[in-house]
Amino acid sequence: MSGVDVNLVLRSTRVVTPEGTRPAAVAVAGGTIDAVLPYDADVPAGARLEDFGDDVLLPGLVDTHVHVNDPGRTEWEGFWTATRAAAAGGITTLLDMPLNSLPPTTTVDHLRTKQQVAAPKAHVDTGFWGGAIPSNVKDLRPLYEAGVFGFKCFLSPSGVEEFPELDQEQLARSMAEIAGFGGLLIVHAEDPHHLADAPQRPGPAYADFLASRPRDAENTAIEGLIAHAKRLNARVHVLHLSSSDALPLIAAAKREGVRVTVESCPHFLTLTAEEVPDGATEFKCCPPIREAANQDILWAGLADGTIDCIVSDHSPCTTDLKTPDFASAWGGISSLQLGLPAIWTEARRRGHSLDDVARWMSSAPAELAGLGKKGAIEAGRDADFAVLAPEATFTVDPAELFHRNQVTAYAGKTLHGVVRSSWLRGVRIVSDGVLAEPTGRLLERDR
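None of the values given here were measured: they were computed from a predicted structure.

Draft legend 1. Inspection of the side chain of Lys-322 at higher detail. Residue position: Lys-322 is located in the loop between strand E14 (309-310) and helix H11 (339-349). For the buried residue Lys-322, which engages in no salt bridge, the nearest side chain bearing the opposite charge is Glu-282, 7.1 Å off. A polar contact is formed between the side chain of Lys-322 and the backbone oxygen of Thr-281, at a distance of 2.9 Å. From its side chain, Lys-322 meets the backbone oxygen of Gly-332 in a polar contact 2.9 Å long. Apart from the residues within four sequence positions on either side, Lys-322 is in contact with Thr-281, Glu-282, Lys-284, Cys-317, Ala-329, Trp-330, Gly-331, Gly-332 and Val-407.

Draft legend 2. Main features of the sheet that holds strand E10 (residues 151-154). Taken in spatial order, the six strands of this open sheet run E9-E10-E11-E12-E13-E14, and their pairing is parallel. For this open sheet the edge positions go to strand E9 (130-131) and E14, each flanked by a neighbour on one side alone.

Draft legend 3. Layout of the packing of H11 against helix H12 (residues 354-369). Taken N-terminus to C-terminus, the directions of H11 and H12 make an angle of 135°; their axes are 10 Å apart at the nearest point. The orientation of H11 with respect to H12, classified from their angle, is oblique. As H11 packs across H12, the resulting crossing turns out to be right-handed. Together, Gly-339, Leu-340, Ile-343, Trp-344 and Ala-347 of H11 and Leu-354, Val-357 and Met-361 of H12 make up the contact between the two elements. Taken together, the residues that form the contact of H11 with H12 break down as seven nonpolar, one polar and no charged.

Draft legend 4. Structural view of the layout of surface pockets. The computed volume of the largest pocket comes to approximately 610 Å³. Those elements that place two or more of their residues in the lining of the largest pocket are E10 and helix H6 (206-212). Ranked by residues supplied to the lining of the largest pocket, first place goes to H6 with three residues. The computed volume of the second largest pocket comes to approximately 360 Å³.

Draft legend 5. Spatial organisation of the packing of aromatic side chains. Under the defined criterion, the tally for this structure stands at 11 aromatic pairs. Taking the centre distance of 5.9 Å and the plane angle of 55° together, the rings of Tyr-206 and Phe-209 count as tilted. One end of the pair, Tyr-206, and the other, Phe-209, are both in helix H6, three residues apart, so they sit about a helical turn from each other. The exposure classification of Tyr-206 matches that of Phe-209, with both residues buried.

Draft legend 6. Helix H8 (residues 247-255), seen in detail. Every buried residue belonging to H8 is among Leu-247, Ile-250, Ala-251 and Ala-253, and all of these are buried. Projected onto a plane normal to the axis of H8, the buried residues spread over an arc of 160° and lie on a single side. Facing away from the buried side of H8 by over 90 degrees, the exposed positions are Pro-248 and Arg-255. Against the buried residues of H8 lie helix H7 (215-232), strand E13 (260-264) and helix H10 (292-303). A positive backbone phi angle near 90° is found at Gly-257, which sits one or two residues after H8.

Draft legend 7. Expanded view of the sheet that holds strand E6 (residues 61-66). What the three strands build is an open sheet, ordered E6-E7-E8; its pairing is parallel. Each having just a single partner strand, E6 and strand E8 (125-128) make up the two edges of the open sheet. Taking the axes of each pair of neighbouring strands and ignoring which way they run, one obtains an average angle of 20° across the sheet. Here strand E7 (residues 91-96) pairs with E8 via four bridges, running parallel. Across the sheet, Asp-96 pairs through a bridge with Phe-128, a residue of E8.

Draft legend 8. Expanded view of empty space enclosed by the protein. Considering all chains together, one arrives at two cavities of 30 Å³ or more under this definition. In this structure, the largest cavity encloses a volume near 70 Å³. Along its surface, the largest cavity is lined by Leu-61, Val-62, Asp-63, Ile-91, Pro-266, Ile-310, Val-311, Ser-312, Ser-335, Leu-336, Gly-339 and Met-361. Of the residues in the lining of the largest cavity, the class split is eight nonpolar, three polar and one charged. Lining the second largest cavity are Glu-282, Pro-316, Cys-317, Thr-318, Lys-322, Gly-332, Ile-333, Ser-334, Asn-405, Val-407, Thr-408 and Ala-409. A per-class count over the lining of the second largest cavity returns five nonpolar, five polar and two charged.

Rules of the game
Residues numbered from 1 in each chain as written. Predicted model: local features only at pLDDT ≥ 70, side-chain atom pairs only at ≥ 80, totals over all residues. Heavy atoms only, no water. Helix = DSSP H or I, 4+ residues; strand = E, 2+ residues; numbered from the N terminus. Buried < 20%, exposed > 50% of the residue type's maximum accessible area, 1.4 Å probe, protein only. Lys, Arg positive; Asp, Glu negative; His and termini not counted. Salt bridge = Lys/Arg side-chain N within 4 Å of Asp/Glu carboxyl O. Polar contact = N/O pair within 3.5 Å; in protein donor to acceptor, adjacent residues only side chain to side chain. Contact = heavy atoms within 4.5 Å. Pairing = 2+ DSSP bridges. Axes fitted to C-alpha atoms, helices over the stretch in contact; angles between N-to-C directions. Parallel < 35°, antiparallel > 145°, perpendicular 65-115°, else oblique. Left-handed = near helix turned anticlockwise from the far one by under 90°. Nonpolar A, V, L, I, M, F, W, Y, C, P; charged D, E, K, R; others polar. 1 Å grid on protein atoms, 1.4 Å probe; cavity = no way out; pocket = protein on both sides within 12 Å on 5 of 7 lines; lining within 4 Å. Points joined across faces, edges and corners; volume = space filled by probe spheres on them. Phe/Tyr/Trp six-rings, centres within 6.5 Å; stacked < 30°, edge-to-face > 60°. Arc of directions from axis to C-beta.

Given below as structure tokens:
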């Protein structure tokens, strides 16, 4: 151990480390992991011991895709409610998306407004993406220098008028600007022409909605994105991949050295089109939840590394916006609190381990965003943890969720994995569903 005074030791028979899961004792000093020690290591004098028995000590999850909507649409969500839900779900770091708040994070002034709102409300560490829209190329470098982690854009309408999509020329211009200072562009990749050509049949039938968001829209957009990234030597990230058809294209690009990474989401990996009842628009999201056969191939893409990480795309709204008409209902799945157990339930069924889950939901998102102090249980990292009872089960009751509007596609599902507690820099921030006062910090990109 270092010379710094260790004030806390966390012990478990199952600690998930970068080298695998093993019995260990994790020594914490000043909010940082000082050392990962043998299970039976002596506890330093004056240090408090927390023994979790056989519950699993995971690195705190990192969710790089969260729509907090605060300020401006705080009735949809907010930093207080979103970060409480995150903490209860084992997420200790989140990055907020630039849209659905008013103002959107498209200028430095808008970023400062959002930071001022978030600072007193954050139960977990919170950072911010900037937005790339047609009118703000001049604002991208100043935003980057102000600490955003990268820039989000849409290639099809976003659903809110203050955050317009980029056409191909605008995409190339923004991407070139961002590549010029070494930034990351994260992309909602659906091609607007394919969407416009798809059949549009309003109503409660999920099959009609699914037909309106075809896989070709994703595949074509991703193909164009990769071509731009290759030409410009830009770093790009595909958001919320739902079409398994795009995986060979992505895998080929990675082999060629194109700097592309990919995420998927719990809803694409645990829910299927076949199970969505007509009128159940709590299942609506864009791109959509697709068929079970498509889901199987997404899991294969996770297993072989084509898909890098799993993040929530928590995109909430007020209950009244989830009308029974799939065409007019707001699209978004609320899952901040449930992502870990939802993924673990399906991962264990498919033969994956908690080491895999920690890689997909903690270390890989931390690496994506350049969060060098997050994402792993090893010396020098922040002492951020989730304590999970992986064999325990619970049935999802929307009334027990902490996000603002208790609408969720997971209602009534029985899931494996109960989050017993979450820890942020060595401080317990939630214990058996009871939250402490907010101690989250606002994060900026490491310069």
